[in-house]
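Report on the structure
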Amino acid sequence: MNTLEKVKNALMPLCDNVGHYTAARKGFPRIVWEEVTAEGLRAENITDGQAWSGVINLFSKKEFEPLFDSIQNALNQAQISFYLNSVQYEEDTGVTHWEWAFSVV
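1. Points about the environment of L84
Following the sequence through the fold, L84 ends up in strand β4 (residues 81-90). Relative accessible area serves as the criterion here: at 35%, L84 is assigned to the partly exposed category. Distance in space between the C-alpha atoms of L84 and E99 is 6.1 Å, their sequence separation being 15 residues. Contacts of L84, omitting those with residues within four sequence positions, involve F68, W98, E99 and W100.

2. Concerning the sheet that holds strand β3 (residues 46-60)
If you walk across this open sheet you meet the five strands as β1-β2-β3-β5-β4, and the pairing is mixed. Of all strands in the sheet, those bounded by a partner on one side alone are β1 (18-20) and β4. Each adjacent strand pair in this sheet contributes to an overall mean axis angle of 20 degrees, direction not counted. Here nine bridges tie β3 to strand β5 (residues 95-104), and the two strands are oriented antiparallel to one another. In the strand pairing of β5, S53 is matched with S103. Each of β2 (30-43), β3, β4 and β5 is contacted by helix α2 (residues 67-77), which is oriented at about 165 degrees to β3, the strand it contacts most.

3. Digging into the side chain of E65
Inspection of the secondary structure puts E65 in the loop between β3 and α2. Of the side chains bearing the opposite charge, K62 lies closest to the buried E65, which forms no salt bridge; the N-O distance is 4.7 Å. A distance of 2.5 Å separates a polar atom in the side chain of E65 from a polar atom in the side chain of S60. Setting aside its immediate chain neighbours within four residues, E65 contacts P29, L58, S60 and W98.

Reading the values: rules and limits
Residues numbered from 1 in each chain as written. Predicted model: local features only at pLDDT ≥ 70, side-chain atom pairs only at ≥ 80, totals over all residues. Heavy atoms only, no water. Helix = DSSP H or I, 4+ residues; strand = E, 2+ residues; numbered from the N terminus. Buried < 20%, exposed > 50% of the residue type's maximum accessible area, 1.4 Å probe, protein only. Contact = heavy atoms within 4.5 Å. Pairing = 2+ DSSP bridges. Axes fitted to C-alpha atoms, helices over the stretch in contact; angles between N-to-C directions. Lys, Arg positive; Asp, Glu negative; His and termini not counted. Salt bridge = Lys/Arg side-chain N within 4 Å of Asp/Glu carboxyl O. Polar contact = N/O pair within 3.5 Å; in protein donor to acceptor, adjacent residues only side chain to side chain.

Next up, the structure:
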């Protein structure tokens, strides 16, 4: 399995609107994830793997979106390290946007 497939596989069962770079469809809730950078794991003058970092975004019109806990539980079960990076409320649309940063080896 590709390293980034671990992220995809953790998120896909959570809802029918999950996408890599863009949402699968319009509407809420939606989960969008993307890789941002990779750090090479070096030993004996070669790169022997990569630690990928990226972000997972959840967009919802619910104040207490159940997917918030579901995402964190899924990442823990998949052994993907993460932290909640920001929470933003967009007044003009009524959408709450949660963003997690993740790292996976």
